[in-house]
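Okay, here's what each chain looks like letter by letter:
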Amino acid sequence: MADQQAQSGDDNRPTEIPAIRWDEPPEGPVLVLLDQTRLPAEEVELVCTDAPALVEAIRTLAVRGAPLLGIAGAYGVALAAARGFDVEEASASLAGARPTAVNLAVGVRRARDAYRAALGQGGNQEQGAEAALAAARALHREDAEASVRMAGHGLVLLDELLPGGGHRVLTHCNSGSLVSGGEGTAFAVALAAHREGRLRRLWVDETRPLLQGARLTAYEAARSGMAYTLLTDNAAGSLFAAGEVDAVLVGADRIAADGSVANKVGTYPLAVLARYHHVPFIVVAPVTTVDLDTAEGASIEVEQRAGYEVTEIAAPQVPVAGAEAGGGIPVAPLGTQAYNPAFDVTPPELVTAIVTEEGVVSPVTAEALAELCDRSRQVTI
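Residues numbered from 1 in each chain as written. Predicted model: local features only at pLDDT ≥ 70, side-chain atom pairs only at ≥ 80, totals over all residues. Heavy atoms only, no water.

1. Let's talk about the sheet that holds strand β12 (residues 290-291)
Point 1. Pairing within the open sheet is mixed, and its four strands lie in the order β12-β9-β10-β15. Strands with a single pairing partner mark the edges of an open sheet, and in this sheet they are β12 and β15 (343-346).
Point 2. Of the strand pairs in this sheet, strand β9 (residues 254-256) and β12 are connected by two bridges, and their pairing is parallel. Bridge pairing links A256 to D291 in β12.
Point 3. Packed on one face of the sheet, helix α9 (residues 267-276) meets β10 (261-264) and β15 and runs near 30 degrees to β15. (Pairing = 2+ DSSP bridges. Helix = DSSP H or I, 4+ residues; strand = E, 2+ residues; numbered from the N terminus. Contact = heavy atoms within 4.5 Å. Axes fitted to C-alpha atoms, helices over the stretch in contact; angles between N-to-C directions.)

Below, the structure is given as structure tokens:
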């Protein structure tokens, strides 16, 4: 379904996918994840009974996306506490599972601090676990609410930049309900435009090497009845040259204090193309993704992933005799070295606007970001 026309009917039908949920069967609490490595072929749930299982799920991208990683991290701390494991040890392993996505550490810290506070007030292990779980559930709920607000702010911005509707939007990686407690970040804006009849076309980068665009964004777009077209990452330039892109909408895994944006590798080239072709480049992310402790883009730690993700094509539903490493189909000679950063960093001067639940920052400056984060803290207090 590479080129999908918008479907008729009820475009406001629910599209939220249960990417994560807390469950309490008789044998004890568990964290249940929709295994994103199996999509779009299968919707399979992955059950985590302890923090190490969740860490593995995070590292293998069974659960992914900055906001959802924060939620997962918080639930992971609650899980460790509820099952009587060492909470400090679990917190450390969870927070370090993926270094670039700042939301993961934020979520872990929030649940861990709630656990510590309960114990510090004389509570027992069970009360500490309840406090951690309450913090995780609150974060989950807040992220869903933030998703709605980001979609609203983003749609207003699109209409200001591109009056008249008929938006043709290019996106990269996946930023929908699979990465969020709600309907996502950048994808949520495109979805809002679709529901208002103002989205003409969603251009979906396949997003090599793990195809999050082809496997996940196309999956969500199809479920939502959106008009979308899938393209290889290296076809984006010709799309810009043909005048077929009105705006670029992407998410973020970390935004430095100066406004530099770390997102899935391949985002930076889109920003360069957008600037050259005078197309708005818009980043959509919750305030929790802004890391004022990281001064600039050069200070962002970029995760380096295994080479086999590049030298093989992952096909988990297709058994391959003799498959090694990632279990995929080899596409390069044995022993080929691969450069495989998970993210790249886009400098603030290439970003038209950053959309958050607290509003829009444009132009993107350190001062404007700091003011937005301060305003967010005051609202929280």
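2. Focus: helix α7 (residues 212-223)
Point 1. Counted at 1.5 Å a residue, the expected span for α7 with its 12 residues is 16 Å, and the 16 Å between its end C-alpha atoms agrees.
Point 2. Along α7, the residues classified as buried are Q212, G213, R215, L216, T217, A218, Y219, E220, A221 and A222.
Point 3. Residues of α7 that are buried sit in contact with β5 (167-171), α6 (186-195), β6 (199-205), β7 (228-231) and β10.
Point 4. Remark: G225 follows α7 within two positions and exhibits a positive phi of approximately 70 degrees. (Expected span 1.5 Å × (residues − 1). Buried < 20%, exposed > 50% of the residue type's maximum accessible area, 1.4 Å probe, protein only.)

3. Some details on α6
Counting along an α-helix, one turn takes 3.6 residues, and residues three or four places apart therefore face a common direction.
Point 1. Counting buried residues along α6, nine of its 10 residues qualify, which places the element largely inside the surrounding structure.
Point 2. For α6, the full list of buried residues reads A186, F187, A188, V189, A190, L191, A192, A193 and H194.
Point 3. The inward-facing, buried residues of α6 contact α5 (125-161), β5, β6, α7, β8 (247-250) and β11 (281-284).
Point 4. G197 occupies a position one or two residues after α6 and carries a positive phi of about 75 degrees.

4. A look at the confidence of the model for the chain
Point 1. Looking at the chain, pLDDT values average 92 and 91% of them are 70 or higher.
Point 2. With pLDDT under 50 throughout, residues 316-325 is counted as low confidence; its partners more than four residues away or in other chains account for 10 contacts. (pLDDT = per-residue confidence, 0-100.)

5. Examining the pairing of strand β2 (residues 20-23)
Point 1. The side-chain alternation of β2 yields one buried face, formed by I20 and W22, and one unburied face, formed by R21 and D23.
Point 2. Where β2 folds back onto strand β3 (residues 30-34) in an antiparallel hairpin, the turn is made up of six residues, including G28, whose phi is positive at roughly 130 degrees.

6. Digging into the pattern of salt bridges
Point 1. In the structure shown here, the tally under the stated rule is 18 salt bridges.
Point 2. In this structure, the salt-bridge partner of E43 is R223, at a minimum N-O distance of 3.1 Å. Placement of the pair is E43 in the loop between β3 and β4 (45-48) and R223 in helix α7, with a sequence separation of 180 residues.
Point 3. The class of E43 is exposed, set by a relative accessible area of 53%.
Point 4. Classification of R223 as partly exposed rests on a relative accessible area of 33%.
Point 5. Residue E358 is joined to R149 by a salt bridge in which the shortest nitrogen-to-oxygen separation is 3.2 Å. Placement of E358 in the loop between β16 (353-356) and β17 (359-361) and of R149 in helix α5 is noted, with a sequence separation of 209 residues between them.
Point 6. Exposure remark for R149: the relative accessible area of 37% places this residue in the partly exposed category.
Point 7. One network of salt bridges, with partners in common, ties together R98, E303, R305 and E309. (Salt bridge = Lys/Arg side-chain N within 4 Å of Asp/Glu carboxyl O.)

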